[in-house]
Amino acid sequence: MSPHARNALPVAIAGGGIGGLACALALAQRGFQSLVLEQAAEFGEAGVGLQVAPNALSVLDALGVGETAKKHALLIERLVMMDAVSGAEVVNVPCGDRFRERFRNPYAVAHRADIHGALLDACRAHELVALRNDCRVKSFDLDDRRVSVLLETGERIAAAAIVGADGVDSAVRRQLLGDGPPLASGAVIYRATIPVFEMPKDLQRPYPTFWAGPGWHVIYYPVRDWTMFNLGGTVVTGERTPGESEDVSQRHVLPLFAGSCATPLRVLRIPKTFRRYSIVHREPVENWSQGPATLLGDAAHPMVQYIAQGAAMALEDAICLAVAAYECDGNFTEAFKRYQDHRTVRAARVQISSSAMDRINHARGIERKVRNALFEGRTAEEFYDRLAWLFTPPSYVKPFKP
Ligand SMILES: Cc1cc2nc3c(=O)[nH]c(=O)nc-3n(C[C@H](O)[C@H](O)[C@H](O)COP(=O)(O)OP(=O)(O)OC[C@H]3O[C@@H](n4cnc5c(N)ncnc54)[C@H](O)[C@@H]3O)c2cc1C
């Protein structure tokens, strides 16, 4: 407990992923102390690649970790969609100077650990952030002014408020909303990494290459200073019950990408094994707070990854929540209402837009031709205009100046 904090009891944050750590850091920068409770034995990120859009980079800048986060990231030249049936280019959005001026930041791809690590180092260095791992939050009791958090071990922690940043299958959400487990989206992803020396030279591009196939898509991009490529192949299976994650062989994976032209298959033939994950999500909700308890990131608004904005939304949530806490002078019940009022519509729009991309990304037959015609001849400025609502950071995303 710090004597310099504005709050006597800490804000308990369940989950030390990108959202939970960003929340702790944003609160600390506005004078509030927090305690991050992470169930894993170590703080870290599962998975490899992350696309970091300009709105997410603006949050990292506002939190003072933008430079560190960008150090090992690749600031990409363009966003590209290829038609995986014909091999033709469908979309090519330049992300150079004009893009960077318009959205105040570049578009980056990064290793997840680099983004999470930048936040973790800043949290460790701040006296108002306490971090505990091996702590699984089970439930909590609330009254109007304080919270008692119960861990799986039976330990109880007194807090001023609780933020559920505990991911897609959130224990805090279970108690707040009681809306059951997340839903299978009907798609699965096969993920792998490829060491750079195994990637054909002509396919090593300084941007994410996205191949849109009939009922599937493939994306790959370099991470960690071009030492490896992150590869993900998503297949629409229609499965309605999320399966367990498992390792599967290349022999199992290749036939799922039927109807493909040569290039995506060249890439999919490189890894010998893939990790298979069911993609889960939820429908948007209007309320995710009760008194001094709220949700943030995937716990609040999990989405399919088709516009690569889940982590970006968690980051924006974090700043918004801390600004609201500051404006409400540490009255967390009021602050969480204000935070939610600012965030629900934007987060829901991103959830809905992500789901809608299923039809574009996985179009087949006549829909594929319609998609290609839709994008034909669109100028860079026209793309920017359509992306402005998403990539322009909301007004509350700015550095804190006391
Ligand atoms: C295939 C795929 C690709 C994606 N690509 C992108 C992308 O390119 N760009 C982007 O912006 N987003 C992307 N996303 C989304 C992004 O990964 C998530 O939205 C983001 O990681 C959410 O962060 P979070 O902190 O809310 O949750 P999480 O990262 O899930 O963190 C939750 C943390 O809580 C901990 N936890 C869970 N339960 C408890 C408990 N009871 N007690 C204590 N701790 C607990 C977990 O161990 C974990 O550390 C992608 C998602 C997928 C599935």
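Being a predicted model, the structure only gives us computed values, none of them experimental.

What counts and how
- Residues numbered from 1 in each chain as written.
- Predicted model: local features only at pLDDT ≥ 70, side-chain atom pairs only at ≥ 80, totals over all residues.
- Heavy atoms only, no water.
- Helix = DSSP H or I, 4+ residues; strand = E, 2+ residues; numbered from the N terminus.
- Rg over C-alpha atoms; globule rule 2.2 N^0.38 Å.
- Buried < 20%, exposed > 50% of the residue type's maximum accessible area, 1.4 Å probe, protein only.
- Pairing = 2+ DSSP bridges.
- Right-handed = clockwise from strand over helix to strand, strands pointing away.
- Near = heavy atom within 4 Å.
- Polar contact = N/O pair within 3.5 Å; in protein donor to acceptor, adjacent residues only side chain to side chain.
- Areas by Shrake-Rupley, 256 points an atom, 1.4 Å probe, with all protein chains shown as cover.
- Nonpolar A, V, L, I, M, F, W, Y, C, P; charged D, E, K, R; others polar.
- 1 Å grid on protein atoms, 1.4 Å probe; cavity = no way out; pocket = protein on both sides within 12 Å on 5 of 7 lines; lining within 4 Å.
- Points joined across faces, edges and corners; volume = space filled by probe spheres on them.
- Salt bridge = Lys/Arg side-chain N within 4 Å of Asp/Glu carboxyl O.

(A) Examining the overall build of the protein more closely. If you tally the helices and strands in the protein, you get 12 helices and 19 strands. Expected size for 402 residues packed as a compact globule is a radius of gyration near 21 Å; at 21 Å, the protein falls within 12% of this value. With the C-alpha coordinates of the protein rotated into their principal frame, the extents come out at 60 × 45 × 40 Å. By the burial criterion, 56% of the 402 residues in the protein qualify as buried.

(B) Highlighting the pairing of strand S1 (residues 11-14). Of the two faces of S1, the one carrying Val11 and Ile13 and the one carrying Ala12 and Ala14 are both buried. The pairing of S1 with strand S12 (residues 161-164) spans four bridges and is parallel. Looking at S12, one finds that Ile13 is bridged to Val163. The sheet contact formed by S1 and strand S2 (residues 34-37) spans four bridges and is parallel. Note that in S2 the partner of Ile13 across the bridge is Val36. In this fold, S1 hands off to helix H1 (residues 18-29), which returns the chain to S2; that crossover is right-handed.

(C) Region of the structure containing the site of the ligand. Among the 28 residues in the neighbourhood of the ligand, the closest are listed as Gly19, Glu38, Gln51, Arg112 and Asp298. A distance of 2.6 Å separates an oxygen atom of the ligand from a polar side-chain atom of Glu38. In the environment of the ligand, a nitrogen atom lies 3.2 Å from a nitrogen or oxygen atom belonging to the backbone of Ala308. In isolation the ligand exposes 1,000 Å². Once the protein is present, 84% of that is buried. Only H1, strand S3 (49-52), strand S13 (183-195) and helix H9 (310-327) provide two or more residues apiece to the shell around the ligand. The biggest single contributor to the shell around the ligand is H9, with three residues. Split into classes, the residues belonging to the shell around the ligand amount to 11 nonpolar, 10 polar and seven charged.

(D) A look at empty space enclosed by the protein. Enumeration over the complete set of coordinates arrives at one cavity of 30 Å³ or more. In this structure, the largest cavity spans a volume of roughly 50 Å³. Residue lining of the largest cavity: Leu50, Gln51, Val52, Ala53, Ala56, Ile115, Ala308, Gln309, Ala311, Ala312 and Leu315, and that is the complete set. Listing elements by their share of the lining of the largest cavity, those giving two or more residues are S3 and H9. When the residues that make up the lining of the largest cavity are grouped by side-chain class, the tally is nine nonpolar, two polar and no charged.

(E) Region of the structure containing unusual backbone geometry. Although it is not a glycine, Asp225 adopts a positive phi angle of roughly 55 degrees. Turning to its location among the elements, Asp225 is positioned in the loop between strand S15 (216-223) and strand S16 (228-236). Residue classification places Asp225 among the partly exposed residues on the basis of a relative accessible area of 47%. The backbone of Trp226 sits at a positive phi, close to 65 degrees, despite the residue not being glycine. Looking at Trp226, the relative accessible area reads 30%, which means it is partly exposed.

(F) Fine view of the sheet that holds strand S7 (residues 108-111). Ordered by their spatial adjacency, three strands build an open sheet running S3-S7-S4, and the pairing between neighbours is antiparallel. With partners counted over all chains shown, the strands left at the sheet margins are S3 and strand S4 (74-75), one partner each. Across four bridges, the pairing between S3 and S7 is antiparallel. Each residue of the ladder has a partner; that of Leu50, found in S7, is Ala110.

(G) Up close: the pattern of salt bridges. For the structure shown, the criterion picks out 23 salt bridges. Arg98 is the partner of Glu381 in a salt bridge, and the nearest nitrogen-oxygen pair spans 2.7 Å. Remark: Arg98 occurs in helix H4 (residues 97-103) and Glu381 occurs in helix H12 (residues 380-391); sequence separation between them is 283 residues. Judged by relative accessible area, which is 34%, Glu381 ranks as partly exposed. Under the relative-accessibility criterion, Arg98 is labelled partly exposed at 49%.

(H) Broad picture of the pairing of strand S11 (residues 156-159). Residues of S11 alternate between two faces, with Ile157 and Ala159 buried on one and Arg156 and Ala158 left unburied on the opposite face. Across four bridges, the pairing between strand S10 (residues 147-151) and S11 is antiparallel. Following the sheet pairing, Val147 is matched in S11 by Ala159. Counted between consecutive antiparallel strands, the loop separating S10 from S11 contains four residues, among which Gly154 sits at a positive phi close to 100 degrees.

That is the geometry; function is a separate question.
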